[in-house]
Structure formats: structure tokens, C-alpha cells
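Structural features, examined
Take a look at the letters that make up each chain.
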Amino acid sequence: EALASFDRALVLKPDHAESAYNKGLQLLTFEQFKQGWEVYQWRWKVKTFNSLYIQTNIPPWSENRELKKLLVWPEQGIGDEIIYTSILANFTPPEIEVTLISDERLHPLLARSLPHIKLLDRKVLKSFIEKNTFDAHIPIGDLGRLLSIDKNKLQLNARPYLKPNLERQEEYKRYFSDLKPSVICGIAWRSKNEAVGSDKSLSLLKLAPLFNLKNI
């Protein structure tokens, strides 16, 4: 029903970015990836979308562009960066040298998990980027479209792509060994994002009933 409403809106106003963007999200949810990735490009025209398209002299990556050095830049929040890096982990062509701009807080995790990817901090200067003579750039959310990510490719490459810090992992194992729970459960309950944090956060009081569950 939602898709039908979006389609009707786009018949009435073909350039209505919000309808096209939400249609793209819905198609991706339904695993209709080919059409979903295409329509998802409308996100850059949506007023409430929280990212700006990078302004650079480096040309954007397109299907027919041959390249050896690719610059991938982030969009949206730190959680989105983590989700999109699953594409880099499983589908990046080995003949392409990929440099990823990402939040510096993620660098230790990404360096362990994606050793074949070069990392730059989000705060890096535009002048530094352009001196590195990249052949092309791409927003990380467009990788699905350019690499033709579909349900079959996701299933074939469905494996963990984030690698833990083994020393920290052993520390936590020792710490929890005396408690002997059957399940160790971590909860992210608060967002400090000024724009949408209140919609993504809970009070600890609302989580209180969880602490009465047994064996957790």
C-alpha cells in the first residue's frame, strides 16, 4: 500500500523527492535491490536528509569508468558507516585501491576488519584529498548500486565482517566468567544526535524490566 501511494504521488509530481526517496527505502526493505538502489539516489534532494554531497574536482565513479584508486566518503551517522562497510568488506574489486573516509572513532575497528582498505578521518582537509589524485569518488551509500548488490550476492557473502579486539574480548570473558550468564546482552539505549537523538533513545526506567529476566 505504501509503494502504491508513493507511485501515485510520483505520477502527480514526478520530481517529488520525498516520495521517491521513501519508495527507494521501501524497495530495499522488500529486497528489490536493483530498482531500490536506483531510486535511493533521490536522498540527496530530500531536505531532511542529514548529509551533504561532497564538492570536489575528483570525478564521480560510474559504471563505465575504469579506475585504480577510489575514494569512498561517508554519509549519515556512525551507525550507517558501519552498515555500509559490509559492502566494502565483501564486494570491493581487488584490483581497485580503496580509500575510505570515516569517523576516526571507527578506525581501530575498521583497520582490523578491512585491512585492504586505506582510512582517512572525516576531518581531513579537502586540499589533502585532491592532492592524492584519486581516479574517482563515490558516496558509500551508492556502492550497492555500482556493485550491483542483490539478494543472491548478499546470501553468498553472508558472514561476519567486523573483527573484535581479541585482548578486550578476553578481558570481558574473564570479567563475566564469575557471573556465568547464559546470554550476555549489550544495549545501546541513548543517542546524542541533536536532530534525531530523542527519537532513538530510551530512559533507563523503560529498560528496567529487562533486568528482571533470568540468565541474562
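The shown structure was predicted, so the numbers you read here are calculated from the model rather than taken from an experiment. (Residues numbered from 1 in each chain as written. Predicted model: local features only at pLDDT ≥ 70, side-chain atom pairs only at ≥ 80, totals over all residues. Heavy atoms only, no water.)

With respect to the overall build of the chain
Of the regular secondary structure elements, the chain holds 10 helices and four strands. For the chain, the N- to C-terminal ordering of α and β elements is α-α-α-β-α-β-α-β-α-β-α-α-α-α. If one aligns the C-alpha atoms of the chain with their principal axes, the spans along those axes are about 60 × 45 × 35 Å. Looking at the chain as a whole, 33% of its 216 residues are labelled buried. (Helix = DSSP H or I, 4+ residues; strand = E, 2+ residues; numbered from the N terminus. Buried < 20%, exposed > 50% of the residue type's maximum accessible area, 1.4 Å probe, protein only.)

A short note on the pairing of strand β1 (residues 69-73)
Taking burial as the measure, the five residues of β1 include four buried ones, the bulk of the element. As paired elements, β1 and strand β2 (residues 97-102) share four bridges and run parallel to each other. In the sheet register, L70 faces β2, and the bridge partner there is V98. With helix α4 (residues 78-91) bridging β1 and the parallel β2, this β-α-β connection has right-handed handedness. (Pairing = 2+ DSSP bridges. Right-handed = clockwise from strand over helix to strand, strands pointing away.)

Considerations on the nonpolar core
Among the nonpolar cores identified, the biggest contains 30 residues, and W61, L70, V72, L88 and L143 are the most heavily contacted of them. Elements with a minimum of two residues in this core: α2 (17-29), α3 (33-40), β1, α4, β2, β4 (136-139) and α7 (143-146). Take this core: its biggest share by element is four residues, from α4. (Core = buried A, V, L, I, M, F, W, Y, C linked by side-chain atoms within 4.5 Å.)

Some thoughts on the sheet that holds β1
Strand order in the open sheet made by the four strands is β3-β2-β1-β4, with parallel pairing throughout. Edge positions in the sheet fall to β3 (118-121) and β4, since each has one partner strand and no second. Pairs of neighbouring strands in the sheet enclose a mean axial angle of 25°, with direction left out of account. As judged from the four bridges shared by β2 and β3, these two strands associate in the parallel manner. When the sheet's bridge partners are listed, I101 is paired in β3 with L120. (Axes fitted to C-alpha atoms, helices over the stretch in contact; angles between N-to-C directions.)

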